[in-house]
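Listed below, chain by chain, are the residues.
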Amino acid sequence: MTITYIEAIGEAISQEMERDPSVLLIGEDVGHYAGAFKLSKGFLESFGPDRIIDTPIAESAIVGHAIGMAYMGMRPVVEMQFIDFIACAYNMVTNFAAKSRYRQGLACPMVIRGPSGGGVRGGPFHSQNVEACFLNVPGLKIVAPATAADAKGLMLSSIRDDDPVLFLEHKYLYRRIKEVVPSNEAIPLGQAIVRREGSDFTIVTYGAMVFEALEAAEQIATETGAQAEVIDLRTLAPLDMETVYQSVRKTNRCMLVHEACLTGGPSGELAARLSEEFFDWLDAPILRVAALDSPVPYSPPLEDYFLPKSVDIVFQAKRLLAY
Amino acid sequence: MAKAHEKLFPGTGDRRAPQLTELNTPLSKAMRLRLFEWMVTTRKVEARMGTLYRQGKVVGGLYRGEGQEGISVGTAMALQDGDIVGPMIRDLGAMMVRGVPPRDVFCQYMARADGPTGGRDCNTHFGDHELGITAPISMLGALIPVVSGMAWASRQQGNNPVGLTYIGDGGASCGDFHEGLNMAATLNSPLVLIVENNGYAYSTPVQAQSQVEWFVDRAPAYGVLGMQVDGNDAEAVYNATKLACDHARSGKGPVLIEAITFRMNGHAEHDDASYVPEALVKAWSKRDPIDILRDRLIDEGVKSKRQIDNLEQKIFDQLKDDYEFALASDMPDALYATGGVYSEDDIGQPDPRRAGR
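All values reported here derive from a predicted model rather than from experimental measurement. (Residues numbered from 1 in each chain as written. Chains lettered and ligands numbered in written order. Predicted model: local features only at pLDDT ≥ 70, side-chain atom pairs only at ≥ 80, totals over all residues.)

**Q** Can you explain the overall build of chain A? Please cite residues and give values.
**A** Secondary structure summary: chain A contains 12 helices and 14 strands in total. Here the C-alpha atoms of chain A give a radius of gyration of 19 Å, agreeing with the 20 Å that 2.2 N^0.38 yields for 323 residues. Along the longest, intermediate and shortest principal axes, the C-alpha atoms of chain A span 60 × 40 × 40 Å. Within the span of chain A, comprising 323 residues, buried residues form 57% of the whole. For chain A, contacts bridging at least 24 residues in sequence account for 79% of all contacts bridging at least 6. (Helix = DSSP H or I, 4+ residues; strand = E, 2+ residues; numbered from the N terminus. Rg over C-alpha atoms; globule rule 2.2 N^0.38 Å. Buried ≥ 20, exposed ≤ 12 C-beta atoms within 10 Å, placed from the backbone. Contact = placed C-beta atoms within 7 Å.)

Below you can see the structure in the form of structure tokens.
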């Protein structure tokens, strides 16, 4: 049976809740309304109001309470109604949760999850990709799945993880991705996967951009015969550089693609690591494709221009190959 | 000038705390002595650190709660085993009452390897999960939702705890004060929040923080019980906290206690507090919480003056071992800087980017 990306996430959470009584879901409208995207449909009936907790609109207090619960051995899954709203909880996430183990030797096992990303005409406050804001915060793990199977497998691992995990779901994929998903296979955090094999250049990406990259790879192959290897990072922290290096050893050309804004985005970190560690293996400069450096605009022509598309990847890939 | 604090001068006739007759419930001799001993211990530990600070042995700042020991000790004494406390910088007394040994405090302030954070964090930023103490962060108000969450979780786990934490008159302006107390109320969390109204937030007087004269008046806005108490009367603080804990523990929801006191030093040791009117300091120095209880114990014949003097000297002398232990403790190994960030790496590894050292 096939299920959607969002159903896969819901299934992972409910399976873990059944398996482990310390897991709970907390957030705005997650109970009787089942969440803004209906991820927790039926959860309240199955698990009751002590484990499916509707909260006031207070992201800082929600994360704060969840930290307290985690300190006591619970494993809260915190829903940000939209991941943009995590800005209101930035202090709790970065100063309390992320530094907890380091300062107090106290585990803070929690997942903060929410719909991120654009392409749904959500405007500046319902479309952002926030990973870059947290990549510079030691103590956090950051997950960004592209497929339904990964979303489920990575959520299982995230809930079981003893560190705070930021789980970035791409809302554009919620109902567009549908596939057969293994019933209960946890996918370890920190392992990238090769989505398409190729020997001419490497595209490193994650989240919704995996599909833009795959589409671009097919087009390039048709047009030029060059074969792109597409790597889906799946987890941004910890970052699986080994899979990236292995590919670049073969292709000697690399481009980095993400939906987060260009400046200060994760591609900067990847490019720096490649140039520091892998300069000798590169035959061309590392190129980047990302969202433009503006807030996420609302109107379709504006958002479409702002977001990276396969056409932009094709364009940059030709430059990369011609270098 | 802190208007509210002028009103609390003895004899001005507008003293709102204590309002409740229950706050005057007589305590046992043993309890009164324990309150006294813990307040003296706290004062002496901080005085010892003042010496270390002047000797240049404290790394960074020193934050004292002098004059507020009645609150930190009085509240913590009212707690039970299994309760949770989230102290702030002026609540060292609460940590001591819960069982933190003075050597931990000395080591922590001198950034030594034997300190509870091994040199990773400073001043009173440490907790002890076994003792039910959780460490604050510098961002004020953040402890409120966290301690509420801990207490809520513990109750779900079949216990009957109270989570008690503190905020200052300044910290009460932070968003987490509002979010935390509001959400604690909606969760019916067994939270007791102590607002230590000491007149000043760093250099800013209380009336520049809030146009609501008393913090206790905010309690009804959150649908929680509010109480106001003379923070320099440790016995009244103890009684108020007991009542608050009974209320929260019995499932009636959070309690806000405003404890009125005064900050007798600067914000930290570097701060001469020249912005505080002298008259105010002078008036409050006559209301020192240790002096108040000492006078009562002597006047009411619980102990003689000589016995009290001996007790205070004994408490000071007993700190010697801990203080010497801390001075002899090593600074931490540099590799401890990188370990413990994630569950997978408890032990720090040498970083190739520091190979040039």
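Past the structure itself, the notes keep going.
**Q** Describe in detail the environment of Thr25 of chain B, supporting the description with residues and values.
**A** For Thr25 of chain B, the location among the structural elements is in the loop between helix 1 (3-6) and helix 2 (29-54). Sequence separation between Thr25 of chain B and Arg98 of chain B is 73 residues; the distance between their C-alpha atoms is 23 Å.

**Q** Describe the interface of chain B and chain A, naming the residues involved and giving the relevant values.
**A** Chain B puts 33 residues into the contact, and the matching count from chain A is 30 residues. Of all the elements in the fold, those that place two or more residues in the side of chain B that touches chain A are helix 6 (143-156) and helix 7 (175-186) of chain B. Sort the elements by how many residues they give to the side of chain B that touches chain A and helix 6 of chain B lands first, with 10 residues. A class-by-class count of the residues in the side of chain B that touches chain A yields 13 nonpolar, 16 polar and four charged. (Nonpolar A, V, L, I, M, F, W, Y, C, P; charged D, E, K, R; others polar.)

**Q** Quick rundown of the nonpolar core? Include the residues and the values.
**A** Core analysis: the biggest nonpolar cluster contains 196 residues, and Ile67 and Met255 of chain A together with Val192 and Ile257 of chain B have the highest contact counts within it. Element by element, the count of residues in this core is highest for helix 9 (residues 234-249) of chain B, at nine residues. Residue assignment places this core across two domains, with domain 1 (2-180) and domain 2 (193-322) of chain A each supplying three or more. Apart from the residues within four sequence positions on either side, Met255 of chain A is in contact with Phe201, Ile203, Ile286, Leu287, Arg288, Val289, Gln316, Ala317 and Leu320 of chain A. (Core = buried A, V, L, I, M, F, W, Y, C linked by C-beta atoms within 7 Å. Domains from an automatic or database assignment.)

**Q** I'd like to hear about the packing of helix 2 of chain B against helix 3 (residues 69-77) of chain B, residue by residue, with values.
**A** Residues and elements named next belong to chain B. Between helix 2 and helix 3, the least distance of the axes is 9 Å, while the angle of their chain directions is 130°. Here helix 2 lies oblique to helix 3, going by the angle between them. In the crossing of helix 2 with helix 3, the sense of the turn from one axis to the other is right-handed. Residue-level contacts link Arg34, Leu35, Trp38, Met39, Thr42 and Arg43 of helix 2 to Glu69, Gly70, Ser72, Val73, Gly74 and Met77 of helix 3. Of the residues assigned to the contact of helix 2 with helix 3, the class counts are five nonpolar, four polar and three charged. (Axes fitted to C-alpha atoms, helices over the stretch in contact; angles between N-to-C directions. Parallel < 35°, antiparallel > 145°, perpendicular 65-115°, else oblique. Left-handed = near helix turned anticlockwise from the far one by under 90°.)

**Q** Any details on unusual backbone geometry? Residues and values, ideally.
**A** All names here are of chain A. Cis peptide bonds are those with omega within 30 degrees of zero, and the linkage from Ala237 to Pro238 qualifies with 0°. Mapped onto the elements, Pro238 comes out in the loop between strand 12 (235-237) and helix 9 (241-251). One non-glycine residue with positive phi stands out, namely Lys38, at about 65°. By the C-beta count within 10 Å, which is 13 here, Lys38 ends up partly exposed.

**Q** Any chance you could break down the sheet that holds strand 13 (residues 254-261) of chain A for me, citing the residues and the numbers?
**A** All names here are of chain A. Read from one edge of the open sheet, five strands run 9-11-10-13-14, paired in mixed fashion. Either end of the sheet is taken by a strand with one partner, and the two such strands are strand 9 (193-196) and strand 14 (287-291). Strand after strand, the sheet turns through a mean of 25° between neighbouring axes, direction not considered. Against the sheet, helix 8 (residues 209-224) contacts strand 9, strand 10 (201-205), strand 11 (228-232) and strand 13, and its axis sits at roughly 175° relative to strand 11. (Pairing = 2+ DSSP bridges.)

**Q** How would you explain the domain arrangement of chain A if you had to name every residue and give the values?
**A** All names here are of chain A. For chain A, the domain assignment lists domain 1 (2-180) and domain 2 (193-322). Between the C-alpha centres of domain 1 and domain 2 the distance comes to 27 Å. At the interface, 25 residues of domain 1 touch 22 residues of domain 2. Put simply, the parts of the chain that give the side of domain 1 that touches domain 2 at least two residues each are helix 6 (131-135), strand 6 (141-143), helix 7 (148-160) and strand 7 (165-170). Of the residues that constitute the side of domain 1 that touches domain 2, the class distribution is 13 nonpolar, eight polar and four charged.

**Q** Any details on the packing of helix 3 (residues 59-71) of chain A against helix 4 (residues 90-97) of chain A? Residues and values, ideally.
**A** All names here are of chain A. Where helix 3 meets helix 4, the closest approach of the two axes is 8 Å, and the angle between their N-to-C directions is 25°. Taken together, helix 3 and helix 4 sit at an angle that is classed as roughly parallel. Across the interface between the two elements, Ser60, Val63, Gly64 and Ile67 of helix 3 pack against Asn91, Met92, Val93, Phe96 and Ala97 of helix 4. In terms of residue class, the contact of helix 3 with helix 4 is made up of six nonpolar, three polar and no charged.

**Q** So what's going on with the confidence of the model for chain B? Which residues, and what values?
**A** Residue and element names in this part refer to chain B. Of the residues in chain B, 94% have a pLDDT of 70 or more, and the chain-wide mean is 92. Counted against residues more than four places away or in other chains, residues 6-18, with its pLDDT under 50, gives 18 contacts. If you check the scores for this complex, the pTM reads 0.96 and the ipTM reads 0.97. (pLDDT = per-residue confidence, 0-100.)

**Q** Got a sec to walk through the pairing of strand 5 (residues 111-116) of chain A? Specific residues and values, please.
**A** All names here are of chain A. Among the six residues that make up strand 5, six are buried, leaving the element largely enclosed by the rest of the structure. What you see with strand 5 is no split at all: Val111, Arg113 and Pro115 on one side and Ile112, Gly114 and Ser116 on the other are buried throughout. Across six bridges, strand 5 lies against strand 7 in parallel orientation. From the neighbouring strand, Arg113 faces strand 7, where its bridge partner is Phe167.

**Q** Before we move on, can you summarise the pairing of strand 14 of chain A with the specific residues and values?
**A** Residue and element names in this part refer to chain A. The buried fraction of strand 14 is high, at four of five residues. Pairing analysis gives four bridges linking strand 13 to strand 14, with the strands arranged parallel. Within strand 14, the position partnered with Cys261 by the bridge is Ala291. Since strand 13 and strand 14 lie parallel, the crossover through helix 10 (residues 266-278) that links them has a hand, and here it is right-handed. (Right-handed = clockwise from strand over helix to strand, strands pointing away.)

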